[in-house]
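Chain by chain, the residues run as shown.
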Amino acid sequence: NGQYIGGKESAIKEADPWEIPRHHVRVCSILGEGSFGQVWKCEAYNIMGFKDNMVVAVKTLKDNAGERERLDLVQELQVMKSLEPHPHVVKLLGCCSERDPLFVIMEYAKLGKLQSVLRNSRGVNYYTNTHGPSSLTSHELIMFCYQIAKGMDFLSSKGIIHRDLAARNILVTEERTCKISDFGFARDVASNRVYERKSEGRLPIRWMAPESLFDNMYSAKSDAWSFGVLMWEIVTLGSTPYPGVAAADVMKRIRDGYRLDKPQHCRREVYNIMFYCWDKCPDDRPDFAELMGLLDKLLVDET
Ligand code: ACK
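Residues numbered from 1 in each chain as written. Predicted model: local features only at pLDDT ≥ 70, side-chain atom pairs only at ≥ 80, totals over all residues. Heavy atoms only, no water.

### Overview of the state of the cysteines
Scanning the entire structure with this criterion turns up 0 disulfides. Take cysteine 281: it sits in no disulfide, and the sulfur closest to it among the cysteines is that of cysteine 277, at 14 Å. (Disulfide = S-S within 2.5 Å.)

Put into C-alpha cells, the structure is as follows:
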C-alpha cells in the first residue's frame, strides 16, 4: 500500500505504480485452483501503457483462505514487485491490492504448467498401449533445463531463494519458453525476515534437499538440489520423483544416501548434472551459473 508523504496533515497517498483500477480487468475463465487460491484468465485494459486488451493471468485467494495464505500471496507480490523483468521469470504486470479481493496480475503463459506440457507430450502407442516417442525433442528438454537455470541464476543473484522449484511451478509460453513462477514460498534473504513454514503436510518433500528436510535450512544450494529433481522430472516427461515410494520413506532413503536412479534413455552426461546437484554437502553442489555452463555445453555438443 502507498505511503503517506508529509505527515498526517497533508495525507497525500503516494501512488503505487503497480496498482491498476479493478474495472480494467475482465475475467474470462478459470485456469486452475489450489486449496486456497485460484488463477483466472482475464483480459486487462490499458495495462503497462499497452492500449489494446491484453490476456493476463490473475491470482486471487478463495474465501476459505486464512491470514497465512493471504500473507503468502502478499509476500509473493512483494517479491515480484522487487524484480526487474527477466525472460525466464514470470512477470508481474500489476495488482489490485488496495482492497479485497487481492488481484496479482501476471503475464499469461498459454501452455500452462511445465508438468502438464511434459505429460501431454508423451506419445501413446494405441496398439501396444505403451509410450511412444515424445513430441518434445531431447534438445528441447535440455533447453528447458537451461532456461530454468538461467532464471534461477537471476533470482539467486537477487538473493531470492525459491524453496519450491518443481515442474508444477514452471510455466510455458506459446513459444515454449519456460518461466519460473510461484514465489509463495520465496523469501528475499536480504530482507532477513523470519518466515514460518507452511504446515508440514504441504512441504514438497520429494524436491527438498536433506538440510531443508532435517534442519530447515534453505539456500541457493538447496534450490540447486531441487533443480536436479526438476531435471529428472523433465527427462522423464513429468514422472513423480521416487515413484511408488511413500514420502516418509523418501526422507529415510535420502538420509541414507540413496538418490534418484538414472532414468531409462537418459544420457549419462545429463544424469551426471542432476547427480552433481544431489551432493550431500551444499557447498559441493553447482550454483546456477555453473549449471548454465554445463547445460550449454550439452546443447552445443549436440549440434
Ligand atoms: O497447467 P495450468 O493451466 O497452468 O494449470 C495451472 C493453474 O493455473 C493453477 O496454477 C495455471 N496458471 C498459473 N499461472 C499462470 C499464468 N501466468 N499463465 C497461464 N496459466 C497459469 C497453471
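### Describing the packing of aromatic side chains
All told, the structure shown has 4 aromatic pairs when counted by the stated rule. With centroids separated by 5.7 Å and ring planes inclined at 90°, the aromatic side chains of phenylalanine 227 and phenylalanine 288 adopt a geometry described as edge-to-face. Here phenylalanine 227, found in helix α6 (residues 220–235), pairs with phenylalanine 288, found in helix α9 (residues 288–302); they are 61 residues apart in sequence, far enough to count as distant. Judged by its relative accessible area of 1%, phenylalanine 227 falls in the buried class. (Phe/Tyr/Trp six-rings, centres within 6.5 Å; stacked < 30°, edge-to-face > 60°. Helix = DSSP H or I, 4+ residues; strand = E, 2+ residues; numbered from the N terminus. Buried < 20%, exposed > 50% of the residue type's maximum accessible area, 1.4 Å probe, protein only.)

### Re unusual backbone geometry
Of the consecutive residues aspartate 100 and proline 101, the connecting peptide bond is found in the cis state with omega at -5°. Note on placement: proline 101 falls in the loop between β6 (92–96) and β7 (103–107). We note that arginine 163 has phi near 75°; this positive angle belongs to a residue other than glycine. Positionally, arginine 163 belongs in the loop between β11 (160–161) and β12 (170–172). Residue classification places arginine 163 among the buried residues on the basis of a relative accessible area of 17%.

### What to know about the site of the ligand
The full set of residues close to the ligand is Leu31, Gly32, Val39, Ala57, Met106, Glu107, Tyr108, Ala109, Gly112, Lys113, Ser116 and Leu171. Within the backbone of glutamate 107, an N or O atom sits 2.8 Å from a nitrogen atom of the ligand. A distance of 3.0 Å separates an oxygen atom of the ligand from a polar atom in the backbone of lysine 113. Protein contacts shield 80% of the accessible area of the ligand, which totals 450 Å² for the unbound molecule. (Near = heavy atom within 4 Å. Polar contact = N/O pair within 3.5 Å; in protein donor to acceptor, adjacent residues only side chain to side chain. Areas by Shrake-Rupley, 256 points an atom, 1.4 Å probe, with all protein chains shown as cover.)

### Structural notes on the sheet that holds strand β8 (residues 112–113)
Taken in spatial order, the 3 strands of this open sheet run β8-β12-β13, and their pairing is antiparallel. The sheet is open, and its two edges are formed by β8 and β13 (178–180), each paired on a single side. Its contacts with the sheet place helix α4 (residues 138–157) against β12 and β13, and it is angled at close to 30° to β13. (Pairing = 2+ DSSP bridges. Contact = heavy atoms within 4.5 Å. Axes fitted to C-alpha atoms, helices over the stretch in contact; angles between N-to-C directions.)

### Side note on the pairing of β6
A regular strand places its side chains on the two faces of the sheet in alternate fashion. Burial analysis of β6 places 5 of its 5 residues in the buried class, which makes it a mostly covered element. Where β6 and β7 come together, 4 bridges link them in antiparallel fashion. In the strand pairing of β7, leucine 92 is matched with methionine 106. As consecutive antiparallel partners, β6 and β7 are separated by 6 residues.

### Brief notes about the sheet that holds β6
Spatially, 5 strands are ordered β3-β4-β5-β7-β6 in an open sheet, and the strand pairing comes out antiparallel. One side of each edge strand has no neighbouring strand; the edge strands of this open sheet are β3 (25–33) and β6. Across the sheet, the axes of successive neighbouring strands diverge by a mean angle of 30°, strand direction being ignored. Sheet topology places strand β4 (residues 37–47) next to strand β5 (residues 50–61); 10 bridges connect them, and they run antiparallel.

### Considerations on α9
Here α9 is 15 residues long and its end C-alpha atoms lie 21 Å apart, about the 21 Å a rise of 1.5 Å per residue gives. Of the positions making up α9, those classed as buried are Phe288, Leu291, Met292, Leu295, Leu298 and Leu299. Take α9 and look down its axis: the buried residues cluster within an arc of 125°, on one side only. Among the structural elements, α4, α6 and α8 (268–277) are those in contact with the buried residues of α9. With a side-chain oxygen lying 3.3 Å from the backbone nitrogen of alanine 289, the N-terminal cap of α9 falls on aspartate 287. (Expected span 1.5 Å × (residues − 1). Arc of directions from axis to C-beta.)

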